[in-house]
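Chains, contacts and geometry: an overview
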Amino acid sequence: MSGWFLEQISIEGFRGINNEGAPLTVKLKPDKVNSISAPNGVGKTSIFDAVLYALTGRIQKLDDLPAAEKGGSYYLNRFHGGDSGQIDLQLQPSAGGASVTITITRDKDGNRAVTAPAGIDADAILSELNREFVLLDGKTFQQFIDLKPLDRGRSFAGFLGLRRYSTLRQRLVEISNTRAFNNHFNVTAKQQAIATAKQTAQRAGSNISAAYKELVGEDFDPIMSEPDLLAQVFSALNSIQLLKPLCEGKTFEEIDPSECVKAAKAAEGSEERDKLAKILRKQTEWTEASACFPTEGEGEKLIALAEARDSALEKTQGDQFRKLYNLSEQILCADSWEHKTICPVCDRNGDVSVLDHVQHKIGAFEDVGAASTALGEFWVAGNWAALATLEKLAMLEDENPLVEELKKIAADGVMTGDRAKGLVDWIKTLSERSAEKLKTLDEAKDEIEKALPPKLTAVVEKAEAARRLQSNLKDQREQNALITTREAELVRIERVKSFLDGSSALFAAAESKAAERRLEAIEPKCREFFAAIMFENVTPALSKREGSEDISIKLSDFWTIENVSAQALLSESYRNAFAISVYLAAASLYGGPAKFLLLDDVTSSFDSGHQLHLMNVIRDKFSRPGVPDGPQVILLSHDPALEKLFNTNSSSGDWWHQIIQGTPRTSVLPQSGAVTRVKDATLAFLDAGNVEDAAPRIRQYLEFKLEEIILRVRIPVPMVIAYSDDKHMASNLINAIQSAVNLHQSAGQLILEPAQIAGLDIAVATITGNYISHWATGQAQAFTAASLKGVMQAIDEFAQCFQYEGEPAGSGQYRYYKSLSAKT
Amino acid sequence: MADDSDEYEIDDKKSVDGNLAALGDALKEIDSDLADILSPKLQNMSADASIAKDQLFDALYAATDEDSEAKT
């Protein structure tokens, strides 16, 4: 696969790198291990941040700062005079060809611009390079061990080359989420509407059956077709001689029952007939309205469901908190929220997962939702709302229509237990009134019927039965149509849900298998790296639960104990070694177009021995040129012991080491190949009287020259220097040089001229007295420009004490002695 | 709507886009009409683009319309 090496980074005005007018330019070698050393606070992490911003367009740690701290305003260097920062990445195609420079700028308003030479799609290249492998630091490794298996699996998916698959898997799960899906389609409301319609249609069916019997004089056969029904009832009416003229040329539903009653009344000519018809209508009205009384047990159940909801509601804190918890859940579930133990509301960090806490709280709200649904469904299924019709009939003038008032909140499932009790009592009252009324109507009807001729009474009764039949047939048809429509909608909705569930499950299984396969592939390499770093009887193991996104870490062997917890047993350095081994193994197998890695301070938990082993693993088993197909590694470190190692390795030809020095206020410069620039800059500052900016550069220049002497004249340096505080580095190096000179002088083997031996003492006195003794104790105010100029001169004179003039004499070409005892 | 799509696997030799195209084919085995709606969105979904869920749901629902099925 083709890809890109990083040849050079230039930075100006970004993070801790001011360098106004003279960008920090760090040259890198694609065919070597690259290392950059710098003391703390000099700009090493600024280089890391610059590449991070160049590739991703953001620096998460700044964006995550509290709003009051305005993290966005810290992208640019605060001392830079311009209003933008600039990063140039010079990239070399791994397949060969001309290098490409991409320029990324950010202005003070946070606007980002990316440019490249014509014909180069800079955004596409940066997108290709935006891989999890490119920028790794100690924090990343620490997290790998500490994360929960699911979070580890998701964050590590990118390292297995499965980032897009993992993201897609999560998106598919999101769209197949039942709650969101049902909310979108109002599934519960549709189901409730169907239940209500079925109740109403059933009641209409009962009424049709009763009216049919009254009209036709036979039991209604439920399997009878509607045309047959209509024919039967038409025939029943049409067979009454008095009503024949009103039926002719009409269908049953076109016959007007009122006209039929009027005809009977006219035939009788009696007011009593009119009264009877009214009583019959009233009777019908009350009978139908009373058809849906709940049983006593149903009343008790309604109260119990409402009280259960009250009880669930007491465990929550209201709708505002529900919104807060839902929003918190969204934030905590997002990959960008790395620490699930940090509260997104108050930023406090704890030992337990805030997500678990929030989901527990949401669970309480969901209990309320479930209780509400149960209450609403019970209300709808019982068709309690139909009691509103009876209520209208039976209610006294000064009473409130309680069913009418509560039917909406009861259907929504939000009725309280107290209101439910009141309602059930009210329904009992309505029931009593209904029974009383029907009794009264029945008595009145009997009384009138006794006084009227039986034949015409029957005609009026049949006309009223026809009216009920017409009305209920209409209701039944409407409800059946509604049921058909809603059920068809639910079938379509279920088809979509089934598809989404199937798609999500299908892809989850495939992604899980791929991750498992790739995890298995990296495990042997991970073990090889781990063994080469730690050299102990400890074997890391990675596993993945079938079908899940989890990645679990274990130790398959811990000093002969098998299959034990890595988190519980490993010390910090072992945990770090475990994580580094996993990442390097993954990077070596699944690296993408970015053929380079920046590793920032990844060894801080290691002692010097394990640091050495890790560097050997990187050089010999992972990186170019040791592994020709491996990536280009760029190590960033502040560690003095590693700096010594880097210096040693840099003489091997497969390692490129640089040191950077400076301050965020002025500039940061690479020492390698630029010592003259440092010297010139220092002298320029001193000429301008700027002691504050000159002092750190003198240290940089001094240490460079001392290390140059040690390296070139082959002076042995005690290991203890590697562990010394960096501010004592120069005096330690001078002491080492002086000890070696004294030893050779005592042995009579010192090659230095007498004048050079004398010059050493004078130069050291000046350097120590006017600079080191103040610098090491932080007494910068003791410096003066004049004395520091003398120090700069003494540094050069000190170095000249170890040099001789080459042939011909007077050429001015000075070379270092081969050693303290040999000139060449 | 026969579901014989459990053969789908990510092929390590294919690119991500190639595997997503194969997924689109596998989804057709679950429901061809709905796969036509979802498949073109897989690339964006894998790139972490936010999903307009409501629009997607409506489009999928519209694709279940028997009349529109009859036309296609």
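Let me sum up the structure you'll find in this document. (Residues numbered from 1 in each chain as written. Chains lettered and ligands numbered in written order. Predicted model: local features only at pLDDT ≥ 70, side-chain atom pairs only at ≥ 80, totals over all residues. Heavy atoms only, no water.)

**Thoughts on the sheet that holds strand E14 (residues 668-670) of chain A**
Residues and elements named next belong to chain A.
- Here 6 strands make up an open sheet; going across it, the order is E7-E11-E12-E3-E13-E14 and the pairing mixed. The open sheet terminates on both sides in strands that have one partner only, identified here as strand E7 (135-137) and E14. Taken pair by pair, the neighbouring strands of this sheet meet at an average axis angle of 20°, ignoring direction.
- Bridge count between strand E3 (residues 33-37) and strand E13 (residues 655-662): 5 bridges; the pairing is parallel. Counterpart to Ser35 in the pairing with E13 is His657. (Pairing = 2+ DSSP bridges. Helix = DSSP H or I, 4+ residues; strand = E, 2+ residues; numbered from the N terminus. Axes fitted to C-alpha atoms, helices over the stretch in contact; angles between N-to-C directions.)

**Some words on the sheet that holds strand E2 (residues 24-27) of chain A**
Residue and element names in this part refer to chain A.
- Strand order in the open sheet formed by 5 strands is E2-E1-E4-E5-E6, and the pairing between neighbours is antiparallel. The outermost strands of the open sheet, each flanked by one partner alone, are E2 and strand E6 (112-115). This sheet shows a mean twist of 20° between the axes of neighbouring strands, independent of strand direction.
- In this fold helix H1 (residues 44-56) packs onto strand E1 (4-12), E2, strand E4 (84-93), strand E5 (100-107) and E6, with an angle of close to 80° to the strand it touches most, E4.
- Taken strand by strand, helix H3 (residues 122-129) contacts E1, E4, E5 and E6, and its axis lies near 105° from that of E6. (Contact = heavy atoms within 4.5 Å.)

**Re the side chain of Ser819 of chain A**
- Take Ser819 of chain A: it is sitting in the segment after strand E16 (814-816).
- What Ser819 of chain A contacts, discounting residues up to four positions off in sequence, is Val713 and Ile751 of chain A.

**Focus on the nonpolar core**
- Counting 94 residues, the largest nonpolar core has Phe156, Ile522 and Phe578 of chain A together with Leu38 of chain B as the members making the most contacts within it.
- Looking at this core element by element, the count peaks at 19 residues for helix H19 (residues 454-534) of chain A.
- Not counting the four nearest positions on each side in its chain, Ile522 of chain A is found in contact with Phe156, Leu160, Leu542, Val582, Ala585, Ala586, Leu589 and Tyr590 of chain A.
- With 63 residues, the next largest nonpolar core counts Val233, Cys260, Leu276 and Ala466 of chain A among its residues. (Core = buried A, V, L, I, M, F, W, Y, C linked by side-chain atoms within 4.5 Å. Buried < 20%, exposed > 50% of the residue type's maximum accessible area, 1.4 Å probe, protein only.)

**Brief notes about the interface of chain A and chain B**
- Counting residues at the interface gives 29 residues for chain A, matched by 40 residues for chain B.
- The junction of chain A with chain B conceals about 3200 Å² of combined surface from both sides, 66% of it contributed by carbon and sulfur atoms.
- Contact with chain B buries surface across chain A, with Arg164, Arg495 and Phe499 of chain A losing the most and accounting together for 24% of the total.
- Taken together, the links from chain A to chain B amount to 8 salt bridges.
- The partner of Asp33 of chain B in a salt bridge is Arg495 of chain A, and the shortest N-O contact between them spans 2.9 Å.
- The interface formed by chain A and chain B contains 13 residue pairs in polar contact (both at pLDDT 80 or more).
- A per-element tally of the side of chain A that touches chain B places H19 of chain A first, with 17 residues.
- Considering only residue class, the side of chain A that touches chain B consists of 15 nonpolar, 4 polar and 10 charged. (Buried area = accessible area lost by both parts, 1.4 Å probe. Salt bridge = Lys/Arg side-chain N within 4 Å of Asp/Glu carboxyl O. Polar contact = N/O pair within 3.5 Å; in protein donor to acceptor, adjacent residues only side chain to side chain. Nonpolar A, V, L, I, M, F, W, Y, C, P; charged D, E, K, R; others polar.)

**Examining helix H4 (residues 138-146) of chain A**
- Burial in H4 of chain A covers these residues: Thr140, Phe141, Gln143, Phe144 and Ile145 of chain A.
- On its buried face, H4 of chain A is in contact with E7, helix H5 (149-156), strand E8 (538-543), strand E9 (552-558), helix H20 (566-569) and helix H21 (572-590) of chain A.

**Overview of the state of the cysteines**
Residues and elements named next belong to chain A.
- Under the definition given, this model contains 0 disulfides over all chains.
- Here Cys346 stays unpaired: no disulfide links it, and the sulfur of Cys343, its closest cysteine neighbor, is 3.6 Å away.
- By relative accessible area, Cys346 is classed as partly exposed at 40%. (Disulfide = S-S within 2.5 Å.)

**Brief notes about the packing of aromatic side chains**
- All told, the structure shown has 23 aromatic pairs over all chains when counted by the stated rule.
- With a centroid separation of 5.3 Å and an interplanar angle of 35°, the aromatic rings of Phe14 of chain A and Tyr53 of chain A are classed as tilted. Taken as a pair, Phe14 of chain A in the loop between E1 and E2 and Tyr53 of chain A in helix H1 lie far apart in primary sequence, 39 residues in all.
- Overall, the relative accessible area of 1% leaves Tyr53 of chain A in the buried class.
- When the ring of Phe181 of chain A is compared with that of Phe57 of chain B, the centres are 5.2 Å apart and the planes differ by 80°; the resulting orientation is edge-to-face. Residue Phe181 of chain A is found in helix H7 (residues 178-185), and its partner Phe57 of chain B is found in helix H4 (residues 53-63); the two belong to separate chains. The pair Phe181 of chain A / Phe57 of chain B is uniform in exposure class, with both members buried. (Phe/Tyr/Trp six-rings, centres within 6.5 Å; stacked < 30°, edge-to-face > 60°.)

**With respect to the packing of helix H27 (residues 754-775) of chain A against helix H28 (residues 785-800) of chain A**
Residue and element names in this part refer to chain A.
- Put simply, H27 and H28 touch, their axes get as near as 8 Å, and they point 150° apart. Put simply, H27 runs roughly antiparallel to H28. Of the two possible hands of crossing, H27 and H28 adopt the one that is left-handed. Packed against H27, whose contacting residues are Gln756, Leu760, Ala763, Val764, Thr766, Ile767, Asn770 and Tyr771, the element H28 presents Ser787, Leu788, Gly790, Val791, Ala794, Ile795, Phe798 and Gln800 at the interface. (Parallel < 35°, antiparallel > 145°, perpendicular 65-115°, else oblique. Left-handed = near helix turned anticlockwise from the far one by under 90°.)

**Notes on the pattern of salt bridges**
All names here are of chain A.
- Evaluation of the coordinates by the stated rule reveals 44 salt bridges over all chains.
- The partner of Asp601 in a salt bridge is Lys44, with the nearest N and O atoms 3.1 Å apart. Placement of the pair is Asp601 in the loop between strand E11 (596-600) and helix H22 (608-622) and Lys44 in helix H1, with a sequence separation of 557 residues.
- On the basis of relative accessible area, Lys44 is assigned to the buried category, the value being 5%.
- The residue Lys445 makes a salt bridge to Glu461 at a minimum N-O spacing of 4.0 Å. Taken together, the residues Lys445 in helix H18 (residues 417-451) and Glu461 in helix H19 connect sequence positions 16 residues apart.
- A residue is classified by how much of its surface remains accessible, and Lys445, at 16% relative accessible area, is buried.

Function cannot be read off these values alone, since they describe shape.
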